[in-house]
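# Per-entry structural report
The residues making up each chain are set out below.
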Amino acid sequence: MTGKIIKGIAGFYYIHDGHDKVYACKAKGVFRNRGIKPVVGDNVEFTVLDETALEGNIDKILPRKNVLIRPASANVDQALVVFAITQPDPNFNLLDRFLFAEAMEDPQNMRDVLEIILGKDVVLKHLPQTEKEARISPAYRFAKVDVWAKDTDEVVYDTEVQGTNTKNLPKRSRYYESIIDAKLLKPGERDFNKMNDIYIILIAPFDLFGKRKYMYTFEMTCKEDPSVSLEDGATRIFLNTHGENPDEVSPELVELLHYIEHTTQDMADGCKSERIHKMQKRICSIKSSEEVSVRYMQRWEEMEMEKEAARELGLAEGRTQGLTEGRTQGLAEGRAEGRAEGRAEGRAEGRSSMARLIDKLLEENRIEDCKRIAKDPEFCQHLMEEFGIE
């Protein structure tokens, strides 16, 4: 079969067959051996391995009429050059996933946020991973974790920011937890007590439950006797920046939630928390970085490209699914949710590769190499090849 690659994420290439189907495919090892990598826009020949799950393998990349290095794409018909305005600087706060991800890559910021929310000391074992993709199988929906971290007690933290109420956050948190849980035990492990404790933390500028609280913490208890706890190690926390019960939470948490919604110097100056003052200095450095500004524009460009691809895919799916009201509504809701969750998806493959490389280096205690890869792209690529990371 032949088709066109319309999206590539974490080693999976999504191929539109020109009719009404999109297949999740892997590239054969022969491409890696030849130093060739499929890119969005490639016309390819592929073999279907599972028609039901829409999975396959890429066999051949057809001749390209052109290819771009960045963003990696081929057979481009038109290119637009977009110039960013530097004055004024982009004015966004920590509820913006881009800034939140950039800020939480600093382990001190991540540690401060977790300690303020949980009211306990947290010592991170690894560098936080932002926009970490979690997927059980290419046949099922993936989840993109805003910030993933693990502490020295092997507790796993998934911290999310959500600007709008998509009306599905409780079940979405359940799905995120289930996908993370599925990867906590190695194949063959029979002792479920070895599963890590896990926190799913969601920060939003609205009250999901209508009780005017800053924090809602959920753990499994017995319905017939609430004093009986399941003690399964899973905790879900929903934080509301518009809470009205400051006497029931720590003053520092209230300050943090207000600061996350309004990440300005004036808001930071009004906080008593020394940790928030230091966090503001680090975030000011991020906002003023030219490199970050470039990434912000790249993210916007990639998001627009993804929206266009989603529109085209939606038309193809709509033609096959019919125009019934229920199906149209389901497609629209699915697309809206996908765009809301996946604004930074264009950066997922690079982020995932870098995260895997950092994990490998930390496992071998190569701390200096971790520092060097941020400044030396050629050395970073060398290490990618050393560990066999795409």
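Our subject is the structure listed above.
Structure report, in brief. Small disclaimer: the values here were computed from a predicted structure and weren't measured.

### Quick word on the pattern of salt bridges
For the structure on display, the rule yields 16 salt bridges. For D59, the salt bridge is made with K28, and the minimal N-O distance between the two is 3.0 Å. In this pair, D59 sits in strand β5 (residues 55–61) while K28 sits in the loop between β3 (22–27) and α1 (29–33), placing the two residues 31 residues apart along the sequence. When its relative accessible area of 26% is taken as the criterion, D59 is described as partly exposed. Overall, the relative accessible area of 39% leaves K28 in the partly exposed class. With a closest N to O distance of 3.1 Å, K213 and E248 form a salt bridge. Of this pair, K213 sits in the loop between β11 (198–204) and β12 (215–218) while E248 sits in the loop between β13 (234–240) and α5 (251–261), placing them 35 residues apart in sequence.

### Describing the environment of A149
With respect to the helices and strands, the residue A149 is situated in strand β9 (residues 143–150). Looking at A149, the relative accessible area reads 1%, which means it is buried. Distance from A149 to T159, taken between C-alpha atoms, is 8.4 Å for residues ten residues apart in sequence. With residues up to four places along the chain from it excluded, the contact list for A149 reads M110, L124, V155, V156 and Y157.

### Considering the sheet that holds strand β2 (residues 12–16)
On the basis of which strands lie adjacent, the closed barrel formed by five strands has the order β1-β2-β3-β5-β4 and mixed pairing. Pairwise comparison of adjacent strand axes, ignoring direction, gives a mean angle of 50 degrees for this sheet. In this structure, strand β4 (residues 43–50) lies alongside β5, joined through six bridges in antiparallel fashion. Within β5, the residue paired with V44 across the bridge is I61.

### Remarks on helix α4 (residues 169–181)
Owing to its 3.6 residues per turn, the α-helix aligns residues three or four sequence positions apart on the same side. Between its first and last C-alpha, α4 extends 18 Å over 13 residues, near the 18 Å set by a 1.5 Å rise per residue. Taken as a whole, α4 has its buried residues at L169, R172, S173, Y176, E177, I179 and I180. Within α4, the buried residues cover an arc of 165 degrees as seen down the axis, which keeps them to one side. α4 presents K171 and R174 as exposed residues on the side facing more than 90 degrees away from its buried surface.

### Remarks on the nonpolar core
In terms of nonpolar packing, the biggest core is built from 40 residues, with L94, M110, I117, I201, I203, L239 and L256 touching the most fellow members. Taken together, the elements giving at least two residues each to this core come down to α2 (97–104), α3 (107–118), β9, β10 (156–161), β11, β13, α5 and α7 (274–287). Those residues in contact with L239 that lie beyond four places of it in its chain are I117, I201, L202, I203, A204, Y214, M215, L253 and L257. L357, I373, F379 and L383 belong to the second largest nonpolar core, which has eleven residues in total.

### Let's talk about the pairing of β2
Looking along a regular strand, one sees the side chains alternate between the two faces of the sheet. Extensive coverage of β2 is indicated by the burial of five of its five residues. Of the two faces of β2, both are covered, the one formed by F12, Y14 and H16 as well as the one formed by Y13 and I15. In terms of strand pairing, strand β1 (residues 2–9) meets β2 through five bridges, oriented antiparallel. Bridged to I9 within β2 is F12.

The rules we used
Residues numbered from 1 in each chain as written. Predicted model: local features only at pLDDT ≥ 70, side-chain atom pairs only at ≥ 80, totals over all residues. Heavy atoms only, no water. Salt bridge = Lys/Arg side-chain N within 4 Å of Asp/Glu carboxyl O. Helix = DSSP H or I, 4+ residues; strand = E, 2+ residues; numbered from the N terminus. Buried < 20%, exposed > 50% of the residue type's maximum accessible area, 1.4 Å probe, protein only. Contact = heavy atoms within 4.5 Å. Pairing = 2+ DSSP bridges. Axes fitted to C-alpha atoms, helices over the stretch in contact; angles between N-to-C directions. Expected span 1.5 Å × (residues − 1). Arc of directions from axis to C-beta. Core = buried A, V, L, I, M, F, W, Y, C linked by side-chain atoms within 4.5 Å.

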